[in-house]
Amino acid sequence: MKEKHFTCKRDQLLIRGMEFWPEGAGTDQKYPAVILSHGFTGNYTDVISFCRKFAAWGYAAFCFSFCGGGREGQDPATASEGDSRDMTLETEVADLLAVVDYVKGSDHVLPEEIVLGGFSQGGIVSGLAAARRPEEIKKLIMVYPALCIPDHARQGRLGGARYDVDHVPEEFKCSATVLGRNFHQEASQMDPFLELAPFKGPVLILQGMEDPVVNYSYAIRAKENYEPGQCALQLMERMGHGQNEQQEESMFASMRQFLDGRKEILTLHVYITQTDETVVKESARTGRAAKETGDETTKEIVRKNLYFTGYCDTEYFRGIILPGGCDCQEHVNGQCVSLRAEYTLYGLDRDGKPCHVHVINRQEGEDFRPVISTDSQALAWMNTADLTAVLEGGEGGVVVRIYHLG
């Protein structure tokens, strides 16, 4: 992977960022591109981990800092130029579009394959930018997009500040920065859902159900605002305004499914009812030095059986997981090396007819590959479908999302 800093300009302000290229970049090959936008008081370093994942997956990935964004006391090397009191949603849209132009100008980017992705305030800004240039953006990903900003402005509580909406000060302190009156005036007059509508490409929204900043109802309304079938909304249990390492892995896996053109067809809510495990320790002498000295290495193997129940409620199938579902796992030195879950669901197919759906889900490298057999005529196509799955972990169970290519 190749990483380097880049700069471009919006008006007279310098924008700083980083770009990430797949291994082997620099030849005549051209790559699809992802441009990621950080959230309020953040900078481009916040999304570097996602950029690296996209680059490892074959995308040219770009991230940057908004002009006037960031927080007080941040490293100037990670900040773009500009005053936070001049920053608004519209200036950030202009920043992002300037980066889009920079990316399109690269000899190694497919200009018709540009994806925008943003987090929180960067999420709504990405949505607005896609709506301003709908012909230039292929797909849009919004992660807990801060579509609440206009409402917060109308309530006099932008960024956690408190002020009188009838007497808005020239500037006001909020969180770790200072905003100007223009931010309030602009946001308070915005209907973000109407602003997003001109974009007609595929949209993915990832939203935490326990987000204390952006209520998940905003994400639901955003999905309904787009055309039928255009937007995939993924409500993530136990996630707030941000993500832990496990949730980040799951989010990226879902982004991969979306960019591959896969559609979520079954969403299984799984609850662990019982667990048993066996621990085996194996000793071995490895390597010439170990054989000469007699030193041994110990390998701990943990075999787990997780029994579970749960339910599925989607347009294709509604029903429960029957007793007997079991997830058999093997862990070596704390690392899961194999997983095989097998279970049967009983309920109604999309035609309202009773049926069984039997699932065997195996882990193959980084991917999960479920195989389905069903006695439903309406769902018979699943018996031979190319399926993948994403697991969202949590206390007491997981959410299993099964995707189909097509």
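I will try to describe carefully the structure that is included in this document. Within any chain, residue numbers begin from 1 and follow the written order of that chain's sequence. Totals for whole chains, interfaces and linings use every residue, but because this is a predicted model, local features are given only for residues with pLDDT of at least 70 and side-chain atom pairs only at 80 or more, for both listing and counting. Hydrogens and waters are ignored; side-chain quantities use all the structure's heavy atoms.

Attention now moves to the overall build of the chain. A count of helices and strands for the chain gives nine helices and 18 strands. Throughout, radius of gyration means the C-alpha value; the globule benchmark is 2.2 Å times the number of residues raised to the power 0.38. The C-alpha radius of gyration computed for the chain amounts to 24 Å, which stays within 12% of the reference 22 Å derived for 406 residues, consistent with globular compactness. Dimensions of the chain, computed from the C-alpha atoms along their principal axes, are close to 65 × 65 × 45 Å. Within the chain, buried positions represent 50% of all 406 residues. Between two residues, a contact is recorded if the distance between any of their heavy atoms is within 4.5 Å. In the chain, of all internal contacts separated by at least 6 residues, the share reaching a separation of at least 24 is 65%. Counting rule for charge: Lys and Arg are taken as positive, Asp and Glu as negative, and neither His nor the chain ends is counted. Charge placement uses NZ in Lys and CZ in Arg. For Asp and Glu, CG and CD serve respectively. For the chain, the centre of its 41 positive side-chain charges and the centre of its 59 negative side-chain charges are spaced 2 Å apart. Counting from the N terminus, the helices are the DSSP runs of H or I reaching at least four residues and the strands are the DSSP runs of E reaching at least two. Three exposure classes are used, based on accessible area relative to the maximum for each residue type with a 1.4 Å probe and protein chains only: buried under 20%, partly exposed in between, and exposed over 50%.

The next thing to look at is the nonpolar core. The tendency in soluble globular proteins is for nonpolar side chains to be buried side by side. Residues grouped as a nonpolar core are buried Ala, Val, Leu, Ile, Met, Phe, Trp, Tyr and Cys residues, joined through side-chain atoms within 4.5 Å. Within the largest apolar cluster, 59 residues are counted, with the highest numbers of intra-cluster contacts made by Ile-35, Phe-62 and Leu-116. A per-element tally of this core places helix H2 (residues 89–104) first, with eight residues. Counting residues in hydrophobic clusters, the runner-up holds 28 residues, among them Val-34, Phe-54, Leu-204 and Leu-259.

On to the pattern of salt bridges. The term salt bridge refers to a pairing of a side-chain nitrogen on Lys or Arg with a carboxyl oxygen on Asp or Glu at a separation within 4 Å. Inspection of every chain in the model, using the stated rule, returns 28 salt bridges. For Glu-248, the salt bridge identified is with Lys-53, shortest N-O distance 3.2 Å. Within this pair, whereas Glu-248 is found in helix H8 (residues 245–259), its partner Lys-53 is found in helix H1 (residues 48–56), the two being separated by 195 residues in sequence. Residues Glu-248 and Lys-53 agree in their burial class; the two are buried. With a closest N to O distance of 3.0 Å, Glu-136 and Arg-133 form a salt bridge. Connected through shared salt-bridge partners, Asp-101, Lys-104, Arg-133 and Glu-136 make up one network.

Here the focus is the pairing of strand E4 (residues 60–64). Most of E4 is tucked away, with five of its five residues classed as buried. Pairing between two strands is assigned when DSSP locates at least 2 bridges connecting them. Both strand E2 (residues 13–21) and E4 contribute to a ladder of four bridges, which runs antiparallel. Bridge pairing in E4 places Gly-17 opposite Phe-64. Where strand E3 (residues 31–37) meets E4, five bridges bridge the pair, whose relative direction is parallel. Bridge pairing in E4 places Val-34 opposite Ala-61. For the handedness criterion, the strands are oriented away from the viewer, and a crossover whose path from the first strand over the helix to the second runs clockwise is classed as right-handed. In this view, the connection linking E3 to its parallel neighbour E4 by way of H1 has right-handed handedness.

Below, the discussion takes up the packing of H1 against H8. Lines fitted to C-alpha atoms define the axes here, with helix axes fitted over just the stretch in contact, and angles between the N-to-C directions of these axes take values from 0 to 180 degrees. Between H1 and H8, whose axes approach to 11 Å, the crossing angle comes to 45 degrees. Between H1 and H8, the angle falls in the class oblique. Helix-helix and strand crossings are classified by hand; for H1 and H8 the assignment is right-handed. Where H1 abuts H8, its residues Ser-49, Phe-50, Lys-53 and Phe-54 lie against Glu-248, Glu-249, Met-251, Phe-252, Met-255 and Leu-259. Looking at the contact of H1 with H8 residue by residue, the classes come out as six nonpolar, one polar and three charged. Under this scheme an angle from 65 to 115 degrees is roughly perpendicular, one under 35 degrees roughly parallel, and one over 145 degrees roughly antiparallel; angles in between are oblique. Crossings are classed by handedness, with left-handed meaning an anticlockwise turn of the near helix from the far one by less than a right angle and right-handed meaning a clockwise turn. Each residue gets one of three labels, nonpolar for Ala, Val, Leu, Ile, Met, Phe, Trp, Tyr, Cys and Pro, charged for Asp, Glu, Lys and Arg, and polar for the others, Gly among them.

One non-glycine residue, Tyr-144, adopts positive backbone phi at about 30 degrees. Assignment of secondary structure puts Tyr-144 in the loop between strand E6 (139–143) and helix H4 (149–154). Residue classification places Tyr-144 among the buried residues on the basis of a relative accessible area of 7%. Backbone geometry at Arg-238 places phi at a positive 65 degrees, although glycine is not the residue there. Classification of Arg-238 by relative accessible area gives partly exposed; the value is 29%.

Two rings from Phe, Tyr or Trp (for Trp, the six-membered ring) form a pair when their centres are within 6.5 Å of each other. A pair whose planes differ by under 30 degrees is stacked, one over 60 is edge-to-face, and the rest are tilted. Under the definition given, this model contains 16 aromatic pairs. Their ring planes at 55 degrees and their centres at 5.1 Å tell us that Phe-50 and Phe-119 sit as a pair that is tilted. One end of the pair, Phe-50, is in helix H1; the other, Phe-119, is in strand E5 (residues 109–119), with 69 residues separating them in the sequence. You can call Phe-50 buried: its relative accessible area is 1%. Aromatic pair Trp-57 and Phe-252: ring centres 6.4 Å apart, planes at 75 degrees, arrangement edge-to-face. You can see Trp-57 sitting in the loop between H1 and E4 and its partner Phe-252 sitting in helix H8, a full 195 residues away along the chain. Given a relative accessible area of 24%, Trp-57 falls into the partly exposed group. Connected via pairs of aromatic rings, a cluster forms that spans Phe-6, Trp-21, Tyr-31, Phe-62 and Tyr-102. Cation placement over rings: the criterion is NZ of Lys or CZ of Arg within 6 Å of the ring centroid and within 35° of the ring normal. Lying across the ring of Phe-50, Lys-53 places its NZ or CZ 5.4 Å from the centre.

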